Amino acid sequence: MKISNTKDSVEYNLNTLIFQNSIPFEEVFCHSEFDSKDLKGSGIQMKESFREKLIELNKLTEKRYKINSGYRTIRHNRRVGGVTHSNHLKGLAVDISIRNSADRYRIIWAALQVGFTQIGIGKTFIHIGLDHNNNKTPRIWLY
Ligand SMILES: [Zn+2]
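Residues numbered from 1 in each chain as written. Predicted model: local features only at pLDDT ≥ 70, side-chain atom pairs only at ≥ 80, totals over all residues.

A. Looking closely at the overall build of the protein chain. Of regular secondary structure, the protein chain possesses five helices and five strands. Listing each helix as α and each strand as β along the protein chain from the N terminus yields α-α-α-β-α-β-α-β-β-β. Counting every position in the protein chain, which comprises 143 residues, the buried fraction comes to 24%. In the protein chain, 62% of the contacts between residues at least 6 apart in sequence involve partners at least 24 apart. (Helix = DSSP H or I, 4+ residues; strand = E, 2+ residues; numbered from the N terminus. Buried ≥ 20, exposed ≤ 12 C-beta atoms within 10 Å, placed from the backbone. Contact = placed C-beta atoms within 7 Å.)

Here it is in C-alpha coordinates:
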(Lines give C-alpha, C1' and ligand atoms only; values in the text may rest on other atoms or scores of the structure.)
Protein backbone atom coordinates (compact mmCIF):
# COMPACT_ATOMS: atom_id res chain seq x y z
CA MET A 1 0.00 0.00 0.00
CA LYS A 2 2.71 2.44 0.94
CA ILE A 3 4.81 1.64 -2.12
CA SER A 4 1.82 2.13 -4.36
CA ASN A 5 1.11 5.53 -2.77
CA THR A 6 4.69 6.60 -3.29
CA LYS A 7 4.59 5.57 -6.92
CA ASP A 8 1.34 7.46 -7.45
CA SER A 9 2.76 10.54 -5.85
CA VAL A 10 5.90 10.38 -8.01
CA GLU A 11 3.77 10.05 -11.11
CA TYR A 12 1.58 12.92 -9.96
CA ASN A 13 4.59 15.15 -9.37
CA LEU A 14 6.06 14.24 -12.72
CA ASN A 15 2.83 15.12 -14.49
CA THR A 16 2.61 18.41 -12.64
CA LEU A 17 6.19 19.21 -13.56
CA ILE A 18 5.62 18.44 -17.22
CA PHE A 19 2.47 20.51 -17.19
CA GLN A 20 4.21 23.49 -15.56
CA ASN A 21 7.08 23.39 -18.02
CA SER A 22 4.97 23.22 -21.11
CA ILE A 23 3.44 26.26 -22.76
CA PRO A 24 -0.11 25.76 -23.97
CA PHE A 25 -0.25 25.79 -27.75
CA GLU A 26 -2.89 28.53 -27.62
CA GLU A 27 -0.39 30.91 -26.02
CA VAL A 28 2.09 30.48 -28.84
CA PHE A 29 -0.12 29.96 -31.87
CA CYS A 30 -3.75 30.53 -32.78
CA HIS A 31 -5.46 27.44 -34.12
CA SER A 32 -6.81 29.57 -36.96
CA GLU A 33 -3.27 29.99 -38.28
CA PHE A 34 -3.46 26.31 -39.21
CA ASP A 35 -6.90 26.33 -40.80
CA SER A 36 -7.30 24.77 -44.20
CA LYS A 37 -8.06 27.78 -46.42
CA ASP A 38 -11.45 26.34 -47.30
CA LEU A 39 -12.60 25.30 -43.82
CA LYS A 40 -12.71 27.66 -40.87
CA GLY A 41 -11.82 26.06 -37.54
CA SER A 42 -10.08 23.09 -39.15
CA GLY A 43 -6.69 24.09 -37.71
CA ILE A 44 -7.69 22.24 -34.58
CA GLN A 45 -6.97 19.06 -36.55
CA MET A 46 -3.22 19.56 -36.11
CA LYS A 47 -1.86 16.59 -34.15
CA GLU A 48 -0.74 17.09 -30.56
CA SER A 49 2.68 15.53 -31.19
CA PHE A 50 3.19 17.95 -34.05
CA ARG A 51 2.05 20.96 -32.04
CA GLU A 52 4.46 20.15 -29.22
CA LYS A 53 7.36 20.01 -31.63
CA LEU A 54 6.30 23.26 -33.27
CA ILE A 55 6.38 25.02 -29.91
CA GLU A 56 9.88 23.63 -29.35
CA LEU A 57 10.93 24.91 -32.77
CA ASN A 58 9.49 28.31 -31.95
CA LYS A 59 11.46 28.42 -28.69
CA LEU A 60 14.69 27.57 -30.50
CA THR A 61 14.30 30.10 -33.31
CA GLU A 62 13.05 32.78 -30.89
CA LYS A 63 11.12 34.27 -33.73
CA ARG A 64 7.56 34.09 -34.93
CA TYR A 65 7.27 32.92 -38.48
CA LYS A 66 4.21 33.06 -40.67
CA ILE A 67 2.48 29.77 -41.35
CA ASN A 68 1.56 29.59 -45.05
CA SER A 69 -0.20 26.28 -44.84
CA GLY A 70 -1.13 23.96 -41.99
CA TYR A 71 -3.96 21.48 -42.01
CA ARG A 72 -5.46 20.84 -45.45
CA THR A 73 -8.71 19.24 -46.47
CA ILE A 74 -8.48 16.84 -49.41
CA ARG A 75 -10.14 19.45 -51.60
CA HIS A 76 -7.75 22.22 -50.63
CA ASN A 77 -4.75 19.91 -50.92
CA ARG A 78 -5.81 19.04 -54.46
CA ARG A 79 -6.27 22.71 -55.30
CA VAL A 80 -2.75 23.65 -54.17
CA GLY A 81 -1.24 20.65 -55.92
CA GLY A 82 -0.24 18.74 -52.77
CA VAL A 83 0.75 15.08 -53.05
CA THR A 84 -2.00 12.51 -52.43
CA HIS A 85 -0.67 11.32 -49.07
CA SER A 86 0.49 14.73 -47.89
CA ASN A 87 1.11 15.04 -44.16
CA HIS A 88 -0.86 18.28 -44.32
CA LEU A 89 -3.96 16.08 -44.59
CA LYS A 90 -3.09 14.41 -41.29
CA GLY A 91 -2.30 17.58 -39.37
CA LEU A 92 1.35 16.64 -39.34
CA ALA A 93 2.92 19.33 -41.51
CA VAL A 94 3.19 23.06 -41.96
CA ASP A 95 4.78 25.34 -44.52
CA ILE A 96 6.63 28.17 -42.82
CA SER A 97 7.20 31.38 -44.74
CA ILE A 98 10.80 32.54 -45.00
CA ARG A 99 12.20 35.82 -46.25
CA ASN A 100 15.88 35.11 -46.62
CA SER A 101 18.65 32.53 -46.38
CA ALA A 102 19.22 33.26 -42.68
CA ASP A 103 15.57 32.34 -41.94
CA ARG A 104 15.99 29.21 -44.04
CA TYR A 105 19.07 28.17 -42.09
CA ARG A 106 17.47 28.89 -38.71
CA ILE A 107 14.33 26.91 -39.40
CA ILE A 108 16.11 23.91 -40.88
CA TRP A 109 18.56 23.88 -37.99
CA ALA A 110 15.76 24.09 -35.39
CA ALA A 111 13.60 21.53 -37.20
CA LEU A 112 16.44 19.00 -37.10
CA GLN A 113 17.13 19.72 -33.41
CA VAL A 114 13.50 19.21 -32.50
CA GLY A 115 13.21 15.99 -34.51
CA PHE A 116 11.10 16.83 -37.55
CA THR A 117 11.86 14.11 -40.06
CA GLN A 118 10.22 15.36 -43.26
CA ILE A 119 11.63 18.64 -44.52
CA GLY A 120 10.99 20.30 -47.86
CA ILE A 121 12.92 23.36 -48.95
CA GLY A 122 11.26 25.90 -51.17
CA LYS A 123 12.47 29.32 -52.26
CA THR A 124 10.03 31.17 -50.02
CA PHE A 125 9.01 28.53 -47.49
CA ILE A 126 10.12 25.45 -45.56
CA HIS A 127 7.83 22.45 -45.23
CA ILE A 128 8.30 20.68 -41.93
CA GLY A 129 6.51 17.48 -41.17
CA LEU A 130 6.35 14.37 -39.09
CA ASP A 131 5.71 10.86 -40.24
CA HIS A 132 2.82 9.51 -38.20
CA ASN A 133 4.05 5.94 -37.89
CA ASN A 134 7.74 6.74 -37.95
CA ASN A 135 8.23 4.30 -40.78
CA LYS A 136 9.39 6.73 -43.41
CA THR A 137 13.07 7.46 -43.79
CA PRO A 138 13.89 10.94 -42.53
CA ARG A 139 14.44 13.09 -45.58
CA ILE A 140 14.95 16.53 -47.01
CA TRP A 141 13.68 17.41 -50.45
CA LEU A 142 13.58 20.44 -52.72
CA TYR A 143 10.65 22.04 -54.57
ZN1 LIG B 1 3.99 21.49 -47.03
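B. Broad picture of the nonpolar core. Grouped together as the largest cluster of nonpolar side chains are 19 residues, with contacts concentrated most on Val 94, Ile 96, Ile 107, Ala 111, Ile 126 and Ile 128. Those elements giving two or more residues to this core turn out to be helix H3 (48-61), strand S2 (93-97), helix H5 (101-114) and strand S4 (125-129). Residues contacting Ile 96, with those up to four places away along its chain left out, are Tyr 65, Ile 67, Asn 68, Ile 107, Phe 125, Ile 126 and Ile 128. (Core = buried A, V, L, I, M, F, W, Y, C linked by C-beta atoms within 7 Å.)

C. Representation of the sheet that holds strand S1 (residues 67-69) in the model. Strands sit in the order S1-S2-S4-S3-S5 across an open sheet of five strands; the sheet is mixed. Each of the sheet's edge strands pairs with one partner strand only, and the pair in question is S1 and strand S5 (139-142). Taken over all neighbouring pairs, the strand axes of this sheet differ in orientation by 25° on average, direction set aside. One ladder, built from five bridges, connects S2 with S4; its direction is antiparallel. Looking at S4, one finds that Ser 97 is bridged to Phe 125. In the packing of H5 onto the sheet, contacts are made with S2, strand S3 (118-121) and S4, and the angle to S4 comes to roughly 5°. (Pairing = 2+ DSSP bridges. Axes fitted to C-alpha atoms, helices over the stretch in contact; angles between N-to-C directions.)

D. The pairing of S4, seen in detail. Judged by how many residues are buried, S4 sits mostly within the fold: five of five residues are covered. Judged by which residues are buried, S4 turns out to be covered on both faces: Phe 125, His 127 and Gly 129 on one side and Ile 126 and Ile 128 on the other are all buried. In the sheet, S3 pairs with S4 via four bridges, with the strands oriented antiparallel. Within S4, the residue paired with Ile 119 across the bridge is Ile 128. Connecting the antiparallel pair S3 and S4 is a turn made up of three residues.

E. Region of interest: the environment of Leu 130. Among the secondary structure elements, Leu 130 is positioned in the loop between S4 and S5. The spacing of Leu 130 and Phe 50 is 80 residues in sequence and 6.9 Å in space, taken between C-alpha atoms. Discounting chain neighbours no more than four positions away, the residues touching Leu 130 are Ser 49, Phe 50, Lys 53, Asn 87, Leu 92, Phe 116, Thr 117 and Gln 118.

F. Expanded view of the packing of H3 against H5. Axis separation between H3 and H5 bottoms out at 9 Å; the angle between their running directions is 130°. In this view, H3 runs oblique relative to H5, as classed from their interaxial angle. In the packing of H3 onto H5, the handedness of the crossing is right-handed. Seen from H3, the contacting residues are Lys 53, Glu 56, Leu 57, Leu 60 and Thr 61; seen from H5, they are Arg 106, Ile 107, Ala 110, Ala 111, Gln 113 and Val 114. A breakdown of the residues in the contact of H3 with H5 according to their chemical character gives six nonpolar, two polar and three charged. (Parallel < 35°, antiparallel > 145°, perpendicular 65-115°, else oblique. Left-handed = near helix turned anticlockwise from the far one by under 90°. Nonpolar A, V, L, I, M, F, W, Y, C, P; charged D, E, K, R; others polar.)

G. Layout of H3. Between the first and last C-alpha of H3 there are 20 Å, a value that for 14 residues agrees with the 20 Å anticipated at 1.5 Å per step. For H3, the complete set of buried residues consists of Phe 50, Leu 54 and Leu 57. One side of H3 carries all its buried residues, which in axial view fall inside an arc of 60°. Pointing more than 90 degrees away from the buried face of H3 are the exposed residues Glu 48 and Lys 59. Looking at the buried residues of H3, the elements they touch are S2 and H5. Immediately downstream of H3, the backbone of Glu 62 shows phi near 55°, a positive value. (Expected span 1.5 Å × (residues − 1). Arc of directions from axis to C-beta.)

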